[in-house]
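Chain by chain, the residues run as shown.
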Amino acid sequence: MRANRFDGTITVFGEEPHLPYQRTALSKGILDGDLSDPKITLRPPGYWEERGIHIVPSVRVTGIDAVSRTVELADGSAVGYDALVLATGGTARQLPGASPDLLSLRTRRYVERLRARIDSGPVVIVGGGLIGLEIAAAVSSSEQRVDSAGQITVLEAAASLLSRVVPDSVAEAVAALHRDRGVRVVTDSRITAAETDAVTLADGTRLTGTVISAIGMQPDTALAEAAGLSVGPAGIVVDETLRTSTPRIYAAGDVAARPHPLTGEPMRAEQWLTATEHGKLVAMTIAADLGLATGPSTPVPRVPLAWSMQYSSNIQMVGWPTMADRFDVDLDTSTGTGTCADGFAPTVRCFADERLVGAVCMGRGGAGRALRTEIVKTLEP
Ligand SMILES: Cc1cc2nc3c(=O)[nH]c(=O)nc-3n(C[C@H](O)[C@H](O)[C@H](O)COP(=O)(O)OP(=O)(O)OC[C@H]3O[C@@H](n4cnc5c(N)ncnc54)[C@H](O)[C@@H]3O)c2cc1C
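Treat the numbers as computed from the prediction; the structure is a model and nothing was measured.

### A word on the overall build of the protein chain
Right, so step 1: Helix and strand counts for the protein chain come out as 9 helices and 25 strands.
Right, so step 2: Here the protein chain has a C-alpha radius of gyration of 22 Å; the compact-globule value for 381 residues is 21 Å, and the two agree.
Right, so step 3: Seen through its C-alpha atoms, the protein chain measures out along the principal axes to roughly 60 × 50 × 40 Å.
Right, so step 4: Here the protein chain holds 381 residues, and the buried ones make up 36% of them.
Right, so step 5: Within the protein chain, contacts between residues separated by at least 24 positions form 64% of all contacts whose residues are at least 6 apart in sequence.

### Regarding the environment of Ala136
Right, so step 1: Note on placement: Ala136 falls in helix α5 (residues 130-140).
Right, so step 2: The spatial distance from the C-alpha of Ala136 to the C-alpha of Leu19 is 28 Å, given a sequence separation of 117 residues.
Right, so step 3: Excluding its chain neighbours within four sequence positions, the residues that come into contact with Ala136 are Ile125, Ile152, Val154, His178 and Val183.

### Details of the sheet that holds strand β19 (residues 256-259)
Right, so step 1: Taken in spatial order, the 4 strands line up as β16-β17-β19-β20 in an open sheet, and their pairing is mixed. Strand pairing shows two members of the sheet lacking a second neighbour, β16 (231-232) and β20 (266-267), which therefore form its edges.
Right, so step 2: In this structure, strand β17 (residues 235-237) lies alongside β19, joined through 2 bridges in parallel fashion. Bridged to Val237 within β19 is Ala257.

### Thoughts on the UniProt feature "domain: FAD/NAD(P)-binding" (unreviewed entry) in the protein chain
Right, so step 1: Residues annotated in UniProt with the feature "domain: FAD/NAD(P)-binding" (unreviewed entry) correspond here to residues 2-279.
Right, so step 2: Within residues 2-279, the helical portion is 22% and the strand portion 25%, while the C-alpha atoms at the span's ends are 12 Å from each other.

### Focus on the pairing of strand β11 (residues 191-194)
Right, so step 1: Bridge analysis of β11 against strand β12 (residues 198-201) gives 3 bridges, and the strand direction is antiparallel. Its bridge partner being in β12, Ala194 is matched across the sheet by Val199.
Right, so step 2: Taking the residues that link successive antiparallel strands as the turn, the β11-β12 hairpin has 3 residues.

### Describing the domain arrangement of the protein chain
Right, so step 1: You can read the domains of the protein chain as domain 1 (10-17 + 57-91 + 217-289), domain 2 (94-213) and domain 3 (312-379).
Right, so step 2: A separation of 31 Å is found between the C-alpha centroids of domain 1 and domain 2.

### Describing the environment of Arg243
Right, so step 1: By secondary structure assignment, the location of Arg243 is in the loop between β17 and β18 (249-251).
Right, so step 2: Through-space distance from the C-alpha of Arg243 to that of Thr285 is 7.8 Å; in sequence the pair is 42 residues apart.
Right, so step 3: Sequence-distant contacts of Arg243, defined by excluding residues within four places in its chain, comprise Val238, Tyr250 and Thr285.

### Considering the nonpolar core
The nonpolar side chains of soluble globular proteins are, as a tendency, buried together.
Right, so step 1: Counting 59 residues, the largest nonpolar core has Ile125, Val126, Ile135, Ala136, Val174 and Ile212 as its most contacted members.
Right, so step 2: Composition of this core by domain shows at least three residues from each of domain 2 (94-213) and domain 3 (312-379).
Right, so step 3: Those residues in contact with Val126 that sit more than four places away from it in its chain are Leu95, Leu155, Ile191, Ala194, Val199, Val211, Ile212, Ser213, Ala214 and Ile215.
Right, so step 4: Membership of the second largest hydrophobic core comes to 29 residues, among which are Val71, Val231, Val238 and Leu281.

### A short note on the site of the ligand
Right, so step 1: Around the ligand, 29 residues are found, and the nearest of them are Glu15, Thr88, Gly89, Gly253 and Ala275.
Right, so step 2: Elements that contribute at least two residues to the shell around the ligand include exactly α1 (25-28), α8 (272-289) and β21 (305-310).
Right, so step 3: Split by residue class, the shell around the ligand holds 12 nonpolar, 9 polar and 8 charged.

### Some words on the sheet that holds strand β25 (residues 355-362)
Right, so step 1: Read across the sheet, 5 strands follow the order β21-β22-β25-β24-β23 without closing on themselves; strand pairing throughout is antiparallel. Because the sheet does not close on itself, it has two edges, and the strands there are β21 and β23 (326-330). Across this sheet, the average inter-strand angle for adjacent strands is 15°, counted without regard to direction.
Right, so step 2: Packing of helix α9 (residues 367-379) onto the sheet brings it into contact with β21, β22 (313-319), β24 (347-352) and β25, and relative to β25 it is tilted by some 175°.

Basis of the calculations
Residues numbered from 1 in each chain as written. Predicted model: local features only at pLDDT ≥ 70, side-chain atom pairs only at ≥ 80, totals over all residues. Helix = DSSP H or I, 4+ residues; strand = E, 2+ residues; numbered from the N terminus. Rg over C-alpha atoms; globule rule 2.2 N^0.38 Å. Buried ≥ 20, exposed ≤ 12 C-beta atoms within 10 Å, placed from the backbone. Contact = placed C-beta atoms within 7 Å. Pairing = 2+ DSSP bridges. UniProt positions renumbered as here; feature names shortened; annotations may be inferred. Domains from an automatic or database assignment. Core = buried A, V, L, I, M, F, W, Y, C linked by C-beta atoms within 7 Å. Near = placed C-beta within 6 Å. Nonpolar A, V, L, I, M, F, W, Y, C, P; charged D, E, K, R; others polar. Axes fitted to C-alpha atoms, helices over the stretch in contact; angles between N-to-C directions.

Structural data, given as structure tokens:
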């Protein structure tokens, strides 16, 4: 907003007791990482002060009155707005019927609980998605654990790991990465009961250890729903420019369901880069709605780009690989850094009806951005 020459009051209410921080660091540094304020804070406190941006931690927004244009806070007070952005993200999804004390990971508070509970014994991770696998990698390579071999199990309900984001060939490579380090990967697993220290599978197998649930997130749409905004299964429904169905209310980041560029369906991204790009886009939209002369506009690509770090292997996912019906695997490592184990560093281009719709690469340094540019070009008229 400041870059768009807005000189009015900007207030950011956040329920967590910290200044904004890099959430992505949590799963990578779950046991050994330095997750202290100076290390993971997004900006030092002076940054916000210099720009007159009021960050108000430890305050939950409890309601919105879209008619009087006010938000209600947990202490009963109310604050007026000319423009309101809902960037409430989401909460960790719960396993149906599981113990409410089951560990999961979304905020720094969860890290404290996990660090207190993970000892040198077995760990069972429910969910072979990005966060579950990053936790497996971080725990199994922790210096605090003498020997993790055979002690860590990842249970995935689908037939392959990362099934929501990567094609089978990459999923197999990722599974090998983990198995090589002694992590047990079980796909097609059906859990019938999950407690804090044991999981039971449909075939009767009982796995004991510290259980961590990593089965995704659900968007935190409660405020929007209560205020009568249009909300769907993917999140708060927004248009291309992040306007919701109610004037002067916008949604951005993980909670926003923006039209998919290929299908038009509302779609949530759940990616850091998308969330930061939404921040820039929503500021431009608000500035236009407030009648401000907007600053230099930054093009905001509509193609998602996410990354993951497992052991020392960087995995990047661009666009929508799982829409594809054909995969073109390039194993030439000469164009990349080849940081994956055994020099295996594939780039997989994913095509639907001969159109490039996604790409995944492992150990290819900054290749994701170039692949993204390729996909962005296919969206141009
Ligand atoms: C452990 C972990 C690892 C990740 N790693 C990667 C990665 O490697 N690469 C990648 O691309 N993405 C990664 N992500 C995803 C990425 O972190 C998210 O896409 C990004 O944080 C979304 O930002 P956001 O601001 O939309 O939501 P969030 O970061 O979820 O922030 C929302 C904030 O709103 C607060 N809030 C909610 N409701 C209220 C309310 N009523 N009042 C006040 N405050 C409220 C919440 O407490 C929270 O602090 C990871 C996510 C997690 C959890």
